[in-house]
Every structure is written in structure tokens, then in C-alpha cells.
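For reference, the chains in residue letters:
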Amino acid sequence: MTTAPTARHFLRDDDVTAAEQREILELALAFRQDRHLEQPFAGPQAVAIIFDKPSTRTRVSFSAGVAELGGYPLVIDSATSQLGRGEPVADTARVLESMVSAIVWRTFGQELIEEMAAHSSKPVVNALTDSFHPCQILADLAAVADARGGVDALAGLTLTYVGDGANNMAHSYLLGGALAGMHVRVGAPADYMPDERIVLDAKKIAAEQGGSITVTTEMDDAVAGADIIATDTWVSMGDEDQYEARKDVFGRYQVNARTLELAAPGAQVLHCLPAYRGKEITADVIDGPQSIVWLEAEYRLHAQKALLAWLARR
């Protein structure tokens, strides 16, 4: 009996080393200059893109990206597939690996995508889980690098994320920012702190890469002197019924004009979208001159193409 080859997967931000993250980010910047720089899926080869959750940017960027990489984006809504009817993830993985060149999945529990990867000889990419959003952080870091003159500019920057510190964005900023050698801060209410195990992982990486990790409940301390301010919706998908309970708790973590006054001169603003103006961020900030939110959104395409192309070489 032959053993299936082991693939490189991207299930959380630290599934790559700091050097590998840099390679991917540099390739993302190159793809923005030449969208057909590489076509590893020419043929076309199919890439399965599975959605358990609603999506705009992820669906469009992966679909367009796979096509530009020379492949065929096989978009699957799990509700209309056998996955949605209870077929084991392992069985789905075994079938897909025989037909596609990579599997991209936007799902719920991290354990689901880990199971998919455990049974696939083809690369599996986390397009969002409840625990991590690593492709978004690649896009964010690439956008900051582009805006600041290159990947070399990332190390030493202070990146502050404010809002729900227990969500997937906070966790991925901690890990991804630490890999990039940044000083990562998370400002969040006491009841919405990041998973301590992820904080510890991030601190270990930061110590190796010359960065640091700070988690605080104090909004002013989190944003003071920061080079990059990032936020996200106060209520994640599936938790919409919690808005009334959360709005008062999160109100003081809003990114607004005062936030930028406390931040470093010329600080730039990130938001992974969709944004709710007047709630987690004000309109004058997200639509203002210090926002790189739209560049960040565009980089979902370039960063994911870079990731897929990089994985295809492994």
C-alpha cells in the first residue's frame, strides 16, 4: 500500500515560518504588478472552494484568483453538497483530493478544516474559521507593505487591533503580526480577550522575530503611538442576536478621529469588511485619507494567489 504524499496546508497563520511568510508577501506584491505572473493551475486544474458561511470578498477573490492562476474555481456551497447532509469530512477529503489540486474551505470549527487536511494529499487552505482568518492577515500585511514601500517596512511597526479580542481576526493578527516582527497589541473588553494559548504562541514567535505582544483592556494604551489601527465588526457572523448586549461594552473601542490623534502621525487604518459605519468605525475614518481599507480588500486577491502559487510549488 502506497502512502499519499504529504501536502503543505495553511490552516492557521503560523503554519508558515517567518521566512516563508515573507516569500508569500513579496509574491503578493509582485502579483499586484503582474496579475498573470504565474499560472500553476494551467490546464486548467480545478481548485475546490467550499463555503459553509456567506461571503463576498472571499468568494470573489478566490474565484478570480484561481482563474488568473490558470485554473478552474470549483465553487461549492456546502448546503447543496453531501457535506451539508452529514457526509464525513474525511470522506469528502478523499474524494476531492483525487479530483482537484487544492481545497479552500470557509467553515466554522477549526477542527473541521484540520480533519480535512489530515485526510488530503492536496493543500488545504483556511478561508476562515471561527478561530482564525489567516488569508485576511496575509492581505492586510501585504497592503501595509505596499503602502509603506515593501515587506522590509513591516518589522518594528506597531499594529493595534481593537474590538472583539476573542474572534478569529484578533487571533490571526497576533500570530501573523508576530511572524512579521511587529509589535502587536490587542485592546478588548475583559470578557472578550484572545485565547490565552494563542497569546502564548504569539509571544514565543514575537520573541524570535524581534516583536512583542500586548493584550490590554485600555483603549488609549492600545492605540497610543500605533502605526496601524485595525478593527472588525463587534458581532461576528452567527452572533447577530448578541448586538444589543455587545454595543455598550464595545462602544469605547470605536475607531474614530480621537483614535487617530492618539496613534502615530500618519497611522493607517485597516478593516477586513463588511464595516458598520458609526459602530466599530466612523465614516470619516474608514473613508478618510488614513484608511487603506480598499487596498487591503484588493490584496485579498493578490495575497491568496501568492499563497496558492507558493503551496503549489511544495
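Refer to the structure above for everything that follows.
Since the structure is predicted, the reported quantities are computational estimates derived from the model, not experimental observations.

Definitions and limits used
Residues numbered from 1 in each chain as written. Predicted model: local features only at pLDDT ≥ 70, side-chain atom pairs only at ≥ 80, totals over all residues. Heavy atoms only, no water. Helix = DSSP H or I, 4+ residues; strand = E, 2+ residues; numbered from the N terminus. Buried < 20%, exposed > 50% of the residue type's maximum accessible area, 1.4 Å probe, protein only. Contact = heavy atoms within 4.5 Å. Expected span 1.5 Å × (residues − 1). Core = buried A, V, L, I, M, F, W, Y, C linked by side-chain atoms within 4.5 Å. Disulfide = S-S within 2.5 Å. Pairing = 2+ DSSP bridges. Axes fitted to C-alpha atoms, helices over the stretch in contact; angles between N-to-C directions. Salt bridge = Lys/Arg side-chain N within 4 Å of Asp/Glu carboxyl O.

Engineer: Looking at this structure, how should I read the side chain of H171?
Structural biologist: By secondary structure assignment, the location of H171 is in helix α6 (residues 168–179). Taking the relative accessible area as the measure of exposure, H171 reaches 6% and is therefore buried. Non-local contacts of H171, meaning those with residues more than four positions away in its chain, are made with S131, F132, G165, A166, P194, D195 and I198.

Engineer: Help me understand helix α2 (residues 57–68) in this model?
Structural biologist: Quick reminder: α-helices carry 3.6 residues per turn. Residues three or four places apart thus point the same way. The terminal C-alpha atoms of α2, which comprises 12 residues, lie 16 Å apart, in line with the 16 Å expected from a rise of 1.5 Å per residue. Of all the residues in α2, the buried ones are T58, S61, F62, S63, G65, V66 and E68. If you follow the buried residues of α2, they end up packed against β1 (46–51), β2 (72–77), β3 (102–106), β4 (124–128), α5 (134–147) and α12 (293–312). Downstream of α2 by one or two residues, G70 has phi in the positive range, about 90°.

Engineer: Looking at this structure, how should I read the nonpolar core?
Structural biologist: Across soluble globular proteins, nonpolar side chains show a tendency to be buried alongside one another. One finds L154 and L308 to be the most contacted residues of the largest nonpolar core, which totals 67 residues. Non-local contacts of L308, meaning those with residues more than four positions away in its chain, are made with F41, F62, V66, L69, A102, V104 and V125. Membership of the second largest hydrophobic core comes to 18 residues, among which are V162, A222, L260 and A263.

Engineer: Help me out: how do you make sense of α5 in this one?
Structural biologist: For α5, which comprises 14 residues, the first-to-last C-alpha distance of 20 Å matches the rise-based estimate of 20 Å (1.5 Å per residue) to within 8%. By the criterion of burial, α5 is predominantly enclosed, with 12 of the 14 residues buried. Looking only at α5, the buried set comprises P134, C135, Q136, I137, L138, A139, D140, L141, A142, A143, V144 and A145. Directly after α5, the chain includes G149, whose backbone phi takes a positive value near 100°.

Engineer: Honestly, the state of the cysteines in this entry has me stumped. Any pointers?
Structural biologist: Defined simply, a disulfide is a covalent bond joining two cysteines at their sulfur atoms. In total, this model carries zero disulfides according to the counting rule given. No disulfide involves C135; its sulfur sits 13 Å from the nearest other cysteine sulfur, which is in C272.

Engineer: I keep staring at the sheet that holds strand β5 (residues 158–162) and nothing clicks. Help me out?
Structural biologist: Sheet strands pair by backbone hydrogen bonding; their relative direction is either parallel or antiparallel. Reading across the sheet, the five strands line up as β7-β6-β5-β8-β9 and stay open at both edges, with parallel pairing between neighbours. One side of each edge strand has no neighbouring strand; the edge strands of this open sheet are β7 (212–216) and β9 (268–271). Geometrically, the sheet is characterised by an average inter-axis angle of 20° between neighbouring strands, direction not taken into account. Pairing of β5 with strand β6 (residues 183–187) involves five bridges; the strand directions are parallel. Across the sheet, the residue bridging to L159 is V184, located in β6.

Engineer: I would appreciate a short explanation of the pattern of salt bridges in the present structure.
Structural biologist: Side chains that carry opposite charge are capable of pairing whenever their charged atoms lie near each other. A full pass over the atoms with the stated rule returns 17 salt bridges. Among the salt bridges present, the one from R12 reaches D201, with a minimum N-O distance of 2.9 Å. You can see R12 sitting in the segment before α1 (18–33) and its partner D201 sitting in helix α7 (residues 196–209), a full 189 residues away along the chain. Exposure remark for D201: the relative accessible area of 31% places this residue in the partly exposed category. A salt bridge links R32 to E298; the shortest N-O distance between them is 2.9 Å. Of this pair, R32 sits in helix α1 while E298 is found in helix α12, placing the two residues 266 residues apart along the sequence. Take R32: its relative accessible area is 30%, and that puts it in the partly exposed class. Overall, the relative accessible area of 31% leaves E298 in the partly exposed class. Salt bridges here are not isolated pairs; linked through shared partners, they connect R12, D14 and D201.

Engineer: Which parts of the structure should I look at to understand the sheet that holds β1?
Structural biologist: Taking strand neighbours across the sheet as the criterion, the four strands line up as β2-β1-β3-β4 in an open arrangement whose pairing is parallel. On the outer flanks of this sheet lie β2 and β4, each paired with one strand and no other. Ignoring strand direction, the axes of neighbouring strands in this sheet form an average angle of 20°. Both β1 and β2 contribute to a ladder of six bridges, which runs parallel. Among the inter-strand pairings, V47 is bridged to a residue of β2, identified as P73.

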